[in-house]
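The lines below spell out each chain.
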Number of protein chains: 2
Amino acid sequence: MENFDTVSLSFCGGTHNHKNCVTTALDEAEQLCISRGVRLTDARKRVLELVWDSHNPIGAYDVLSKLSQESGKTAPPTVYRALDFLLEQGLIHRIESLNAFVGCSHPKEEHSGLFLICKDCGCAAEVHDAVIDKTILNKTDALGFKAEQRVLEVRGLCPDCVA
Amino acid sequence: MENFDTVSLSFCGGTHNHKNCVTTALDEAEQLCISRGVRLTDARKRVLELVWDSHNPIGAYDVLSKLSQESGKTAPPTVYRALDFLLEQGLIHRIESLNAFVGCSHPKEEHSGLFLICKDCGCAAEVHDAVIDKTILNKTDALGFKAEQRVLEVRGLCPDCVA
DNA sequence: TTCGTTTTGTTATGTTATAACATTTACAAC
DNA sequence: GTTGTAAATGTTATAACATAACAAAACGAA
Ligand SMILES: [Zn+2]
Ligand SMILES: [Zn+2]
Ligand SMILES: [Zn+2]
Ligand SMILES: [Zn+2]
C-alpha cells in the first residue's frame, strides 16, 4: 500500500489541486465498478462526486439538498441507497462520530483507515498504518475476540489549524 | 492502570454477578462526584443505573422508555442532559457506531478505551492498552496532528459467541 | 420481445438529538 | 428564615438522521 505519510493531511491546507482528487476518484470508481461487474449509475456517480466535493465529511442530508437543487425534489432513500452502494464498494467511508461520509482515496484494496478529523476546519484525513492495524489485531486476538470491522477516528487539530 | 486482560470480556458470558458491577459503579460514581464537587442527582444516578443495567450499550430512547415506565411521562432532554453529565464526568462512554451508551468500568482516570462490540450478543467490552494508545499517538504526532479525542470500536464476535 | 432482476421513485414513518423558554430546586449570603 | 443566584429539571416543539414498504421504470439476458 502507498505510503500515506508522504501525502497525508496535505489536503487540509487547500494548497492542492482538488480537481485532480475528484477526477482520480471518479476514474478509479468507474474502473473498479467495471472490473467488479457492478453498475456505477448516474445517480451513484453524482453522489460520489458530491461527497468528493471537499475533503470534509458531508452529511446525507447535505448531499440530498445539493441533489435537490440540481435535479428537483429528491427523497432521502435516493441518497441513502447511493451512499450504501458506495460504502459497499469501498468508494466512500462513513465517519461514525459525525454521521457523515467522505471519499476514499485508495479504494482498490480493502482497508480500515484511521481518520484524523480537524475540529477547526472540519477536514478528515484518511491515514493507514500497518503497525496500528497489527497492534489492535494483536490485542483483540489475545482476548479471543474475532474482529470484523473497525472504527478509528481521532478528533483534534490538523497541522494547518494548529499552527 | 489495572490490567484489563485479566478481567476483560469475562462479563460477556453472564457468568459474573452483575449486581456487583452495578453497586461498584454507583458507589464509585458517588465518591467521584463528591470529590469533584458536582452533584449526582437522583435523575442522573437513575440514568447511570439504567445504563449499567447490562453490559450492552443502551440507546437514549431505551433509557427514556424505562424512565417513563417508572416515573411517568419523561421527555428526551431529561435523558440527554443526564447522559451528557455522565459523559462529562467520565462515568459512561458513548459508542459512536451504535448511537448508544455503556457504563465506564474505571471512571477514576481519564482514558480513551477500545470497545469490543459483539455482533451476536451485543455486549461491549472496554479494553485498555498502552501500546495501542502509544502507537496511535505516535502516528498522529508524526503527522503534526494534535489529537484530542479518540474513537476506537471493533465489531466482531466475543469469545462466548465465537465458540 | 419477454421475463426476471436491479434500480429508482414515492410516501410515510421511525429513530436520534437539540433549541428555547418556563419552572423548580439547591445552596449560600444576609 | 428570607432572599438572591445558579444549577437542575420540566415542557413544548422541532431539527437531524435513517429506513420500511410498495410502485414504477430501466436494464440486460434469453
Ligand atoms: Zn483534494
Ligand atoms: Zn479509504
Ligand atoms: Zn456486570
Ligand atoms: Zn471507560
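Because the structure is predicted, anything quoted here is derived from the model rather than measured.

Colleague: Would you take a moment to explain the environment of Thr 78 of chain A for this structure?
Modeller: Residues and elements named next belong to chain A. Mapped onto the elements, Thr 78 comes out in helix H4 (residues 76-88). Among the residues examined, Thr 78 registers a relative accessible area of 34% and is labelled partly exposed. Along the primary structure Thr 78 and Thr 41 are separated by 37 residues, whereas in three dimensions their C-alpha atoms are 12 Å apart.

Colleague: Sorry, what's going on with the interface of chain A and chain B here?
Modeller: Interface size is often expressed as the accessible area that is lost when the parts come together. The interface of chain A with chain B comprises 38 residues on the first partner and 38 residues on the second. Of the roughly 3,200 Å² buried at the junction of chain A and chain B (both faces included), carbon and sulfur atoms supply 65%. Counting the surface chain A buries against chain B, the share from its top three residues, Lys 139, Leu 143 and Phe 145 of chain A, is 21%. Taken together, chain A and chain B are joined by 4 salt bridges.

Colleague: Looking at this structure, how should I read helix H2 (residues 42-51) of chain A?
Modeller: Because each turn of an α-helix spans 3.6 residues, side chains separated by three or four positions end up pointing in the same direction. For H2 of chain A, the complete set of buried residues consists of Val 47, Leu 48, Leu 50 and Val 51 of chain A. Along the axis of H2 of chain A, the buried positions cluster into a sector of 160°, meaning they face one direction only.

Colleague: Whenever I open this one, the coordination of the zinc ion (ligand 4) confuses me. Can you help?
Modeller: Put simply, the ideal angle at a metal is 109.5 degrees for four donors in tetrahedral geometry and 90 or 180 degrees for six donors in octahedral geometry. Residue and element names in this part refer to chain B. Those donors, His 93 (NE2), Cys 104 (SG), His 111 (NE2), Glu 126 (OE) and Glu 126 (OE), are the protein atoms that reach the zinc ion (ligand 4), and they lie 1.8 to 2.7 Å from it. Summarised as a motif, the one-chain spacing of the donors to the zinc ion (ligand 4) is H-x10-C-x6-H-x14-E. Residue His 93 is found in strand S1 (residues 92-95), and its partner His 111 is found in the loop between strand S2 (100-103) and strand S3 (114-118); the two are separated by 18 residues along the sequence. A relative accessible area of 17% places His 111 in the buried class.

Colleague: How do you make sense of the pattern of salt bridges when you look at a structure like this?
Modeller: Opposite charge on two side chains makes pairing possible when the charged atoms of those side chains draw close. Applying the stated rule across the entire model yields 20 salt bridges over all chains. In this structure, Lys 45 of chain A engages Glu 30 of chain A in a salt bridge whose closest nitrogen and oxygen atoms are separated by 2.5 Å. Of this pair, Lys 45 of chain A sits in helix H2 while Glu 30 of chain A is found in helix H1 (residues 18-36), placing the two residues 15 residues apart along the sequence. Owing to a relative accessible area of 28%, Lys 45 of chain A belongs among the partly exposed residues under this scheme. Its relative accessible area of 27% is what places Glu 30 of chain A among the partly exposed residues. For Arg 94 of chain B, the salt bridge is made with Glu 96 of chain B, and the minimal N-O distance between the two is 3.1 Å.

Colleague: Is there a simple way to explain helix H1 (residues 18-36) of chain B in this structure?
Modeller: All names here are of chain B. For H1, spanning 19 residues, the distance from its first C-alpha to its last is 27 Å, which sits close to the expected 27 Å at 1.5 Å a residue. Buried within H1 we find His 18, Cys 21, Val 22, Ala 25, Leu 26, Glu 28, Ala 29, Leu 32 and Cys 33. For H1, the buried positions fall inside an angular range of 165° around the axis, keeping them on one side. Exposed side of H1, more than 90 degrees from the buried face: Lys 19, Gln 31, Ile 34 and Ser 35 are the residues found there. If you follow the buried residues of H1, they end up packed against helix H2 (42-51) and helix H4 (76-88). Looking one or two residues beyond H1, the residue adopting positive phi is Gly 37, at roughly 70°.

Colleague: Could you clarify how one ought to interpret the UniProt feature "binding site: Zn(2+)" (unreviewed entry) in chain A in this entry?
Modeller: Residue and element names in this part refer to chain A. Annotation from UniProt places "binding site: Zn(2+)" (unreviewed entry) at Cys 118, Cys 121, Cys 158 and Cys 161. What stands out for the annotated residues spanning 44 residues is how close their C-alpha atoms remain, the widest pair being 8.1 Å apart. Assessed through its relative accessible area of 0%, Cys 158 is described here as buried. Mapped onto the fold, Cys 161 is located in helix H6 (residues 159-162). By relative accessible area, which is 22% here, Cys 161 ends up partly exposed.

Colleague: Could you clarify how one ought to interpret the protein's contact with DNA strand C in this entry?
Modeller: By nearness alone, 17 residues border DNA strand C, and Thr 41 and Arg 81 of chain A together with Tyr 61, Tyr 80 and Arg 94 of chain B come closest of all. Restricting attention to atoms of DNA strand C within 4 Å of the protein, one finds that 46% of them are sugar or phosphate atoms. Between a phosphate oxygen of DNA strand C and a side-chain N or O atom of Thr 41 of chain A, the distance comes to 2.6 Å. For DNA strand C, a phosphate oxygen lies 3.0 Å from a polar atom in the side chain of Tyr 80 of chain B. Mapped by element, the contributors of at least two residues to the surface near DNA strand C are H2 and H4 of chain A together with H4 of chain B. The biggest single contributor to the surface near DNA strand C is H4 of chain B, with 4 residues. A class-by-class count of the residues in the surface near DNA strand C yields 7 nonpolar, 3 polar and 7 charged.

Definitions and cut-offs
- Once a new chain begins, its residue numbering starts again from 1 and follows that chain's sequence as written.
- To label them, take the chains in the order written and letter them from A, then take the ligands in the order written and number them from 1.
- Per-residue local features of the predicted model are confined to residues with pLDDT of at least 70, and side-chain atom pairs are confined, for both listing and counting, to 80 or more; whole-chain, interface and lining totals are unaffected and use all residues.
- With hydrogens and water excluded, all non-hydrogen atoms of the structure serve as input to the side-chain values.
- Numbering of helices and strands starts at the N terminus; helices are DSSP runs of H or I of at least 4 residues and strands are runs of E of at least 2.
- Accessibility here uses a 1.4 Å probe with only protein chains present; expressed as a share of the type maximum, an area under 20% marks a residue as buried, one over 50% as exposed, and anything in between as partly exposed.
- By definition in these notes, contact holds between two residues if any of their heavy atoms fall within 4.5 Å.
- Buried area, as used here, totals the accessible surface that two parts lose on assembly, with accessibility defined by a 1.4 Å probe and the loss added over both.
- The term salt bridge refers to a pairing of a side-chain nitrogen on Lys or Arg with a carboxyl oxygen on Asp or Glu at a separation within 4 Å.
- By arc we mean the arc of the directions from the helix axis to the C-beta atoms, nothing more.
- Any nitrogen, oxygen or sulfur atom within 2.8 Å of a metal ion counts as a donor, with the limit raised to 3.2 Å for Na, K and Ca, and since water is left out, coordination shells can look unfinished.
- Under the convention used throughout, the expected extent of a helix is 1.5 Å for every residue step, that is, one less than its residue count.
- UniProt positions are given in the numbering used here, feature names are shortened, and annotations may be inferred rather than shown by experiment.
- A single heavy atom is enough: if one lies within 4 Å of a molecule or strand, its residue is considered near that molecule or strand.
- A 3.5 Å cut-off defines polar contacts: any pair of N or O atoms within that distance qualifies, except that in protein one atom must be a possible hydrogen donor and the other a possible acceptor, and neighbouring residues in sequence count only when both atoms are side-chain atoms.
- Amino acid classes used here: Ala, Val, Leu, Ile, Met, Phe, Trp, Tyr, Cys and Pro are nonpolar; Asp, Glu, Lys and Arg are charged; the rest, including Gly, are polar.

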